[in-house]
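Chain by chain, the residues:
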Amino acid sequence: MDNLLLNLNLKFWVCRLGYKKNEKSKKKKKLSLPKNILFNPVHIDFLNSPRIDQVGIEDRIARITARSIKKESKMQGLLMALNMIDLTTLEGKDSKKKVEQLCYKAIHLHDEYPGLPTTAAICVYPNFVGTAKRVLGDSGVKVASVATAFPSGQSSLQIKKLDTQMAIDQGADEVDMVISRGEFLSGNYNFVFDEIAEIKSLCVGKARLKVILETGELGTLDNVAFASNIAIAAGA
């Protein structure tokens, strides 16, 4: 077991420092995770992850979407999906009144259609978290907040942390951060990892952290898988 953990740690170092197979020099750096992050090297075997079979995935999707789902199973699936989604408003024209109306809709949907579950959460910008918490009360519907300069992620780490702290201070149950796609696509994986870990350190014991990859901008399914591994390792 000790040898296994050592090997996984070494593989993690290769990924975290941005090394490539054809690089000749490998400088050692110390791991700089925030102290309250628990690091589990067993989860970080990046380089040996299998490549994504895009043809196979597309074939599987085509077969799934062509299937006919029977009425009872379809209804169960729709009810489960409703109970897992976030009812969201993330517009420049958002206002307290609009957020209040959205919250009312979330907790009173089943008034008109008995038996329907509530949505999992309301998702808003950080400055509306307090409004959503007040209206939702003890309904059981959670409040999620985007942060870290959503949706572009184009800001400094200091601003991103302030954005996150605002959401947490107002009582957000979940923080939805975006990764820096430009840094990821430039090969700066260490930057992406450290940024997620910093935001995670603010959320520990206070809010769940969700990492938005913006997969449409990552180009390939291999990139999506790799970004997912980095996010998981950093605390998502």
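Our subject is the structure that appears above.
Heads up: these notes are all about the structure in this document. Each chain has its residues counted from 1, following the order in which its sequence is written. Thresholds applied to this predicted model are a pLDDT of at least 70 for local features of residues and 80 or more for the giving and counting of side-chain atom pairs; totals over whole chains, interfaces and linings are not thresholded and use all residues. To obtain the side-chain values, all non-hydrogen atoms of the structure were used and water was disregarded.

## So, the sheet that holds strand S5 (residues 208–212)
The strands that make up a sheet are held in pairs by hydrogen bonds between backbone atoms, and each pair lies either parallel or antiparallel.
Here's step 1: The parallel open sheet is built from five strands, whose spatial order is S1-S2-S3-S4-S5. Since the sheet does not close on itself, it has two edges, and those belong to strand S1 (86–88) and S5, each with one partner. Each strand of the sheet is rotated relative to its neighbour by a mean of 25 degrees, with strand direction disregarded.
Here's step 2: Bridge analysis of strand S2 (residues 121–124) against strand S3 (residues 142–146) gives four bridges, and the strand direction is parallel. In the sheet register, Cys123 faces S3, and the bridge partner there is Ala144. The pairing criterion for strands is at least two bridges between them, as found by DSSP. Secondary structure follows DSSP: runs of H or I at least 4 residues long count as helices, runs of E at least 2 residues long count as strands, and numbering of each begins at the N terminus. Only C-alpha atoms enter the line fits that serve as axes; for helices the fit covers just the stretch in contact. Angles between N-to-C directions range over 0 to 180 degrees.

## Points about the packing of helix H6 (residues 157–169) against helix H8 (residues 189–203)
Here's step 1: At their nearest, the axes of H6 and H8 sit 10 Å apart, and the two run at 25 degrees to each other. Relative to H8, the element H6 lies roughly parallel. Our pair here, H6 against H8, has a crossing hand that is right-handed. Contact with H6, carried on its side by Leu157, Lys160, Lys161, Thr164, Gln165 and Ile168, involves Glu195, Glu198, Ile199, Leu202 and Cys203 of H8 and no other residues of that element.
Here's step 2: Three categories are distinguished: nonpolar for Ala, Val, Leu, Ile, Met, Phe, Trp, Tyr, Cys and Pro, charged for Asp, Glu, Lys and Arg, and polar for the others, with Gly belonging to the last. In the contact of H6 with H8, the residues fall into five nonpolar, two polar and four charged. Here is the rule for angles: anything less than 35 degrees is roughly parallel, anything more than 145 is roughly antiparallel, 65 through 115 is roughly perpendicular, and the remaining ranges are oblique. Here a crossing is called left-handed whenever its near helix is offset anticlockwise from the far helix by less than a right angle, and right-handed whenever the offset is clockwise. Should any heavy atoms of two residues lie within 4.5 Å, those residues are counted as being in contact.

## Section: the environment of Asp53
Here's step 1: Note on placement: Asp53 falls in the loop between helix H1 (2–16) and helix H2 (54–66).
Here's step 2: Taking C-alpha positions, Asp53 is 8.8 Å from Asp222, a pair spaced 169 residues apart along the chain.
Here's step 3: In protein, a polar contact requires one atom able to donate a hydrogen and another able to accept it; more generally it is a pair of N or O atoms within 3.5 Å, and residues adjacent in sequence count only if both atoms are side-chain atoms. One polar contact links the side chain of Asp53 to the main-chain amide nitrogen of Gly56, over a distance of 3.0 Å.

## Side note on helix H9 (residues 221–234)
Along an α-helix, residues three or four positions apart point the same way, because every turn accommodates 3.6 residues.
Here's step 1: Residue count minus one, scaled by 1.5 Å, sets the expected span of a helix. In this model, H9 (14 residues) spans 20 Å end to end at C-alpha, consistent with the 20 Å of a helix rising 1.5 Å per residue.
Here's step 2: Per-residue accessibility, obtained with a 1.4 Å probe over protein chains only, is compared with the maximum for each type, and a residue is labelled buried under 20%, exposed over 50%, and partly exposed between these values. Those residues of H9 lying buried are Val224, Phe226, Ala227, Ile230, Ala231, Ala233 and Ala234.

## Some words on the side chain of Asp176
Here's step 1: Mapping Asp176 onto the fold places it in strand S4 (residues 174–178).
Here's step 2: Among the polar contacts made by the side chain of Asp176, one reaches the side chain of Lys210 at a distance of 3.3 Å.

## Some words on the packing of aromatic side chains
Here's step 1: The rule is short: rings of Phe, Tyr and Trp, with Trp giving its six-membered ring, pair when the centres are within 6.5 Å, and they are stacked under 30 degrees, edge-to-face over 60, tilted in between. Per the stated rule, a full pass over the model turns up three aromatic pairs.
Here's step 2: Residues Phe184 and Phe226 carry aromatic rings whose centres are separated by 6.1 Å and whose planes lie at 45 degrees to one another, so their mutual orientation is tilted. Taken together, the residues span a long stretch of sequence, with Phe184 in helix H7 (residues 181–185) and Phe226 in helix H9 at a distance of 42 residues. Accessibility classification places Phe184 together with Phe226 in one group, the buried group.
Here's step 3: In textbook terms, an aromatic cluster arises when at least three aromatic residues are bridged by ring pairs, as seen for Phe184, Tyr189 and Phe226.

## Thoughts on the environment of Pro117
Here's step 1: Examined against the element boundaries, Pro117 turns out to sit in the loop between helix H4 (96–112) and S2.
Here's step 2: On a C-alpha basis, the gap between Pro117 and Ala81 in space is 9.8 Å, while along the polypeptide they are 36 residues apart.
Here's step 3: Apart from the residues within four sequence positions on either side, Pro117 is in contact with Leu79, Leu82, Asn83 and Leu109.

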